[in-house]
Amino acid sequence: MSIRHRMLFSFTLMTLLTLLSVAILGLVMAVAITGDFDRVRELYTRQYSMKPLLPEEETAFAEAKFVAKKTPEQLLLPDALASIDAPLPEVQAGLLLRKAETIVYATPALRLQLHGDQLPPYEMANINVRDTWSVNGRFFTYVKFDFSFTDQTPGSLYVVRETSPSSEFMAKWFPLLAGLLLLLLLVGNALLYWWVTRGIVIPLRRLKEASEQIREGNLAFEVGVRSADEIGALSASFEEMRRRLHASVELQHQYEANRKELMTNISHDLKTPMTMIKGYVEGIRDGVARTPEQLDAYLAVISAKTVVMDRLIDDLFLFSKLDLGKVPFAFEQVELRGYMADLVEEMAFDLTERGVALRLHGAEGVPLRVRIDRDKLRRVIVNIVENSAKYMDVEQPDKRVEIALVDKPDEGGVSIEVADNGPGITAEALPNIFERFYRAEQSRGASTGGSGLGLAIAKQIVREHGGRIEASSTVGRGTTLTITLPKEEAE
Ligand SMILES: Nc1ncnc2c1ncn2[C@@H]1O[C@H](COP(=O)(O)OP(=O)(O)OP(=O)(O)O)[C@@H](O)[C@H]1O
Ligand SMILES: [Mg+2]
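Residues numbered from 1 in each chain as written. Chains lettered and ligands numbered in written order. Predicted model: local features only at pLDDT ≥ 70, side-chain atom pairs only at ≥ 80, totals over all residues. Heavy atoms only, no water.

Engineer: What is the right way to look at a nonpolar patch on the surface in this model?
Structural biologist: Nonpolar side chains collect at one region of the surface, where Phe 169, Trp 173, Leu 176, Leu 177, Leu 180, Leu 183, Val 187, Leu 191, Leu 192, Trp 194 and Trp 195 lie side by side and expose about 1,100 Å² of accessible area between them. Positionally, Leu 192 belongs in helix α6 (residues 165-215). (Patch = residues over 30% accessible without salt bridge, like charges linked within 9 Å, V, L, I, M, F, W, Y side chains within 5 Å. Areas by Shrake-Rupley, 256 points an atom, 1.4 Å probe, with all protein chains shown as cover. Salt bridge = Lys/Arg side-chain N within 4 Å of Asp/Glu carboxyl O. Helix = DSSP H or I, 4+ residues; strand = E, 2+ residues; numbered from the N terminus.)

This is the structure:
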């Protein structure tokens, strides 16, 4: 059974139970009041006659009835009835005496201006002695006794008690009221059913649709169920699950695309030197290189290409090992200024040969201690400085690479800033230079171009050091690469 049907069923059952219990309760009360099962049926129609007389009324009625039976003429004496009805006004009751069509006596406290035919007609058998009666918008219950005076004129003796018109109203409209209440119960039931199902069934249906979408592999949507209840919480966690799944699938796609690109790049970068080596080897075999000088030249090219390939394979290997976190790092505390001074001295000779001035400055006399793997960091710095020299315009007159060491006490780090006055990197290319195999358009395929792995490797190494690497550049003015490492206290 679906939740919707279950709810409809339970709501209907609840209504029926309510009706049944009200009915049973009514019946029990009626039996308790009337004391007789058979008369319950009459309860509604005859309810007025059941209303018991008050003791005052009972006494007055009995006394007056006694006189009426024995010596009716006595009732006509002045003061005869006045003494009998004395206690009645206290209970809103009074006596009435009718002779023929004339009201001979009416308890003054009732203030009734009556004519004889306004009372119920004579009924000498005295069967319906109790009933209700209304006159001039006032309501009374009564008990009566019809008799004959000695001269055979009919007479009536009434003990009347005024009741509230609302009880009369209730009696009159009871069936309609009961019907309305029943209707209210049914409408209320329907509204409640609608309200509860709306809060449960509709969101559940949406969740079902959402899970079907996910099953179909469509994750780019939003589970738009928001409410502050349990269903809302379920929807929220469902939405969270969809979001994460979506993100992980996206990431998977990204990885897949990267892997394909990597394969293409590797194949391309290995294929190019390989083709050249093959060509030159064939040239030698076919006797194209005739003189020993030519043969030397051919072999030199082959050797250079194998060096390129060897380096590429080394880089690739290092990169994937770094990627897998399988490269051991030998960290030690090093004084950065001294370390960099040695490194600059080592590189400067080769760079000066190529017309590039390399200079180190900053942080003189300040101890800058960092925890590094000497060889790995050396590799990073060499690649960055190499890049600066490599991408410098050949024609440029004043080629400079400046390395600055900057103490950054606010962030507890030290920066190595390598700035050149080369051609710079375009804003579009800049965010990508740390991607593996990325080479800006102008350097792709040029003789200067390497594998494009240098900065990707640098980034991984710096990350292993707990630091970060950033690049800034202005086309035509130069590029600055900044490595920031956490500073250490002296051991
Ligand atoms: N100082 C620089 N000036 C201009 N362009 C640069 C500079 N440094 C890096 N680039 C650009 O960023 C790209 C990526 O550099 P990266 O060091 O990763 O690769 P590569 O130098 O081409 O190859 P590899 O370092 O593996 O031999 C370079 O190809 C170049 O286009
Ligand atoms: Mg490089």
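Having put the structure on the table, let's press on.
Engineer: How should helix α9 (residues 336-353) be read in this particular structure?
Structural biologist: Every α-helix carries 3.6 residues per turn, so stepping three or four residues along brings you back to the same face. Taking 1.5 Å of rise per residue, the 18 residues of α9 would be expected to cover 26 Å, and the 26 Å separating its terminal C-alpha atoms lies within 8% of that figure. Taken as a whole, α9 carries its principal kink of about 35° at Met 347. By the burial criterion, the buried members of α9 are Leu 336, Tyr 339, Met 340, Leu 343, Val 344, Met 347, Ala 348 and Leu 351. Residues of α9 that are buried in the fold lie against β6 (332-335), β7 (356-361), β8 (369-372), α10 (374-390), β9 (399-408) and β10 (413-420). (Expected span 1.5 Å × (residues − 1). Bend = angle between axes of the 7 residues up to and from the residue. Buried < 20%, exposed > 50% of the residue type's maximum accessible area, 1.4 Å probe, protein only. Contact = heavy atoms within 4.5 Å.)

Engineer: What's the story with the pairing of strand β4 (residues 138-148) in this structure? I'm lost.
Structural biologist: For a regular strand, the rule is simple: side chains alternate between the two faces of the sheet. Within β4, nine of the eleven residues are buried, which leaves the element mostly enclosed by the surrounding structure. Summarising the sheet, strand β3 (residues 130-135) and β4 pair through six bridges and their orientation is antiparallel. By the bridge assignment, Asp 131 is partnered in β4 with Tyr 142. Between β3 and β4, which pair antiparallel one after the other, the connecting turn spans two residues, and Asn 136 there sits at a positive phi close to 45°. Direction of pairing for β4 relative to strand β5 (residues 154-163): antiparallel, over a ladder of ten bridges. For Thr 141, the partnering residue across the bridge sits in β5 and is Arg 161. Remark: five residues form the turn of the hairpin made by β4 and β5, two consecutive strands paired antiparallel; Gln 152 in that turn has positive phi of roughly 70°. (Pairing = 2+ DSSP bridges.)

Engineer: Looking at this structure, how should I read the side chain of Thr 484?
Structural biologist: Tracing the sequence through the fold places Thr 484 in strand β12 (residues 478-486). Not counting residues up to four positions away in its chain, the partners in contact with Thr 484 are Lys 408, Glu 411, Val 414, Ser 415, Gly 467, Arg 468 and Glu 470.

Engineer: Sorry if this is basic, but what is going on with the coordination of the magnesium ion (ligand 2) here?
Structural biologist: Angles at a metal have ideal values that depend on geometry: 109.5 degrees with four tetrahedral donors, 90 or 180 degrees with six octahedral donors. With distances of 2.1 to 2.4 Å, the protein atoms coordinating the magnesium ion (ligand 2) are Asn 383 (OD1) and Asn 387 (OD1). On the criterion of helical spacing, the pair formed by Asn 383 and Asn 387 is a turn pair, its members being four residues apart in helix α10. One exposure class covers both Asn 383 and Asn 387, and it is buried. (Donors = N, O, S within 2.8 Å, 3.2 Å for Na, K, Ca; no water.)

Engineer: Hey, could you run me through the side chain of His 465 in this one?
Structural biologist: When you line up the elements, His 465 lands in the loop between α11 (454-464) and β11 (468-474). On the basis of relative accessibility, which here comes to 7%, the residue His 465 falls in the buried class.

Engineer: What is the right way to look at the confidence of the model for the protein chain in this model?
Structural biologist: Interpretation of this model should avoid reading the predicted coordinates in detail wherever pLDDT is low. Of the residues in the protein chain, 93% have a pLDDT of 70 or more, and the chain-wide mean is 87. Mean pLDDT values over the elements of the protein chain span from 48, in helix α3 (residues 47-50), up to 97, in β12. (pLDDT = per-residue confidence, 0-100.)

Engineer: Quick question: what am I supposed to make of the pairing of β10 here?
Structural biologist: Burial runs high along β10: six of the eight residues are buried. Judged from the eight bridges that link them, β9 and β10 form a sheet pairing that is antiparallel. What sits directly across from Val 401, in β10, is Asp 420. Where β9 folds back onto β10 in an antiparallel hairpin, the turn is made up of four residues, including Gly 412, whose phi is positive at roughly 60°.

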